[in-house]
Amino acid sequence: MSRNFLEINHMKKSFGDLEVIKDISLTVKEGEVVSIIGPSGSGKSTLLRCATMLEKMDGGELSFLGEKAAHEENGRCVYASRADLKRIHKHFGLVFQSFNLFPHYSVLKNIIDAPMTVDGISRKEAEARAEKLLAQLGLSDKKDAYPYQLSGGQQQRVSIARALALQPKILFFDEPTSALDPELTGEVLKVIRQLAQEHMTMIIVTHEMQFARELSDRIIFMEQGVICQEGTPEELFSSPNARVREFIGRVMNV
Ligand SMILES: Nc1ncnc2c1ncn2[C@@H]1O[C@H](COP(=O)(O)OP(=O)(O)OP(=O)(O)O)[C@@H](O)[C@H]1O
Ligand SMILES: [Mg+2]
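Predicted model, so just to flag it, every value in this text is computed and none were measured.

**A word on the domain arrangement of the chain**
Segmenting the chain into domains produces domain 1 (4-91 + 171-253) and domain 2 (106-167). Placing the centre of domain 1 and that of domain 2 at their C-alpha centroids yields a distance of 25 Å. Facing 13 residues of domain 1, the contacting portion of domain 2 comprises 13 residues. Carbon and sulfur atoms make up 68% of the surface buried where domain 1 meets domain 2, a total of about 1000 Å² over both sides. Between domain 1 and domain 2 we count 2 salt bridges in total. Here Glu187 ties to Arg157 by a salt bridge, and the two come within 2.8 Å at their closest N and O atoms. Elements with a contribution of two residues or more to the side of domain 1 that touches domain 2: β8 (170-174) and α6 (182-197). With 7 residues, α6 is the single largest residue contributor to the side of domain 1 that touches domain 2. Its residues assigned to classes, the side of domain 1 that touches domain 2 shows 10 nonpolar, 1 polar and 2 charged.

**Some remarks on the site of ligand 1**
In the vicinity of ligand 1 lie 13 residues, with Ser40, Gly41, Lys44, Ser45 and Thr46 positioned nearest. The contact in question runs from an oxygen atom of ligand 1 to an N or O atom on the side chain of Ser45, over 2.9 Å. In this structure, Glu175 approaches ligand 1 through a side-chain N or O atom, which is 3.4 Å from an oxygen atom. When contributions to the shell around ligand 1 are tallied by element, the ones reaching two or more residues are β2 (18-29) and α1 (44-51).

**A closer look at the packing of helix α3 (residues 107-117) against helix α4 (residues 123-136)**
Two elements in contact, α3 and α4, have axes separated by 9 Å at closest approach and are oriented at 130°. Relative to α4, α3 is oriented oblique. The handedness of the crossing between α3 and α4 comes out as right-handed. Contacts between α3 and α4 involve Val107, Leu108, Ile111, Ile112, Pro115 and Met116 from the former and Arg123, Ala126, Glu127, Arg129, Ala130 and Leu134 from the latter. Along the lines of polarity and charge, the residues of the contact of α3 with α4 split into 9 nonpolar, no polar and 3 charged.

**A closer look at the side chain of Ser106**
Positionally, Ser106 belongs in the loop between β7 (92-95) and α3. We classify Ser106 as buried; its relative accessible area is 13%. Here Lys109 takes part through its backbone nitrogen, which lies 3.1 Å from a polar atom of the side chain of Ser106.

**Some thoughts on α1**
For an α-helix, 3.6 residues make a turn, and residues three or four places apart therefore share a direction. Within α1, 6 of the 8 residues are buried, which leaves it mostly tucked inside the rest of the structure. Burial in α1 covers these residues: Lys44, Thr46, Leu47, Leu48, Cys50 and Ala51. After α1 finishes, the residue Met53 shows a positive phi value of roughly 65°.

**Here's the deal with the environment of Arg123**
Tracing the chain through its elements places Arg123 in helix α4. Here Arg123 falls in the partly exposed class, since its relative accessible area comes to 47%. When residues no more than four places from it in sequence are discounted, the contact partners of Arg123 are Ile112 and Met116.

**With respect to the layout of surface pockets**
Approximately 590 Å³ is the volume attributed to the largest pocket. What lines the largest pocket is a set of 23 residues, and nearest its centre among them are Phe92, Gly93, Leu94, Ala114 and Leu166. When residues of the lining of the largest pocket are traced back to their parent elements, those giving at least two are β7, α3 and α5 (152-164). In terms of residue class, the lining of the largest pocket is built from 12 nonpolar, 7 polar and 4 charged. Here the lining of the largest pocket spans two domains, since at least three of its residues come from each of domain 1 (4-91 + 171-253) and domain 2 (106-167). Here the second largest pocket is characterised by a volume of approximately 270 Å³. Looking at the second largest pocket, the residues that line it are Arg129, Lys132, Leu133, Gln136, Leu164, Ala165, Gln167, Leu195, Glu198, His199 and Met200. Among the elements that take part in the lining of the second largest pocket, α4 stands out by supplying 4 residues, more than any other. Of the residues assigned to the lining of the second largest pocket, the class counts are 5 nonpolar, 3 polar and 3 charged.

So, how was this worked out
Residues numbered from 1 in each chain as written. Chains lettered and ligands numbered in written order. Predicted model: local features only at pLDDT ≥ 70, side-chain atom pairs only at ≥ 80, totals over all residues. Heavy atoms only, no water. Domains from an automatic or database assignment. Contact = heavy atoms within 4.5 Å. Buried area = accessible area lost by both parts, 1.4 Å probe. Salt bridge = Lys/Arg side-chain N within 4 Å of Asp/Glu carboxyl O. Helix = DSSP H or I, 4+ residues; strand = E, 2+ residues; numbered from the N terminus. Nonpolar A, V, L, I, M, F, W, Y, C, P; charged D, E, K, R; others polar. Near = heavy atom within 4 Å. Polar contact = N/O pair within 3.5 Å; in protein donor to acceptor, adjacent residues only side chain to side chain. Axes fitted to C-alpha atoms, helices over the stretch in contact; angles between N-to-C directions. Parallel < 35°, antiparallel > 145°, perpendicular 65-115°, else oblique. Left-handed = near helix turned anticlockwise from the far one by under 90°. Buried < 20%, exposed > 50% of the residue type's maximum accessible area, 1.4 Å probe, protein only. 1 Å grid on protein atoms, 1.4 Å probe; cavity = no way out; pocket = protein on both sides within 12 Å on 5 of 7 lines; lining within 4 Å. Points joined across faces, edges and corners; volume = space filled by probe spheres on them.

Rendered as structure tokens:
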């Protein structure tokens, strides 16, 4: 039996009167790749931001590798202590749509900075780790470049290298290719595909239907803050409910 790497139970999140996440439960096992699809505004990024603790949930439970990050007490969401959260944070990494590299740092410094400050490893070890990742991602010749000197696809690959340098157990991606031109999308998808082959546990919000279909163990269709349908790619694409059929038809015809 593989372990539960991520467990979300009854997550709720509102912004003022707007209930964005109504009641979402989701379990991801070790080595699983789960894609999240759904219309704009359905709450996909909010789900990811709450799962990665960039936003606080209003209700529900959140655990990583069996360690509780948040639970509900008397109808309120209570987070673990700072020390516990710091440890739990090391279980996962996050890659954004907009790369979010430090513009005034070289590629190498972007990658070694967090391992040195967060993990406390030596510069030598951090550089060795970074150089290995850059080689894997086909970026060895860019280690001294600055982000503005790179294409979007290269910047996104550096962001992935930066996340991997912290050796997370789980990687979250929020539309990793939607800021890229179609010809640069492929090189980023290739890296994610390679990570899937290495059994990295990943949760990927994406509009790339073919990619989600080919790569995912499970696809989740979100709408208006709830999971409207979920299943294997075969299940979702061969017997979509009416909403999923309409959505897939729309995004695959644009
Ligand atoms: N910080 C915030 N404050 C107020 N409202 C927010 C905030 N973040 C998100 N929302 C609202 O929550 C809803 C869901 O947003 P979210 O970004 O999660 O959608 P999404 O599914 O990721 O959409 P997209 O596909 O366009 O990225 C939207 O109506 C959005 O305006
Ligand atoms: Mg979003």
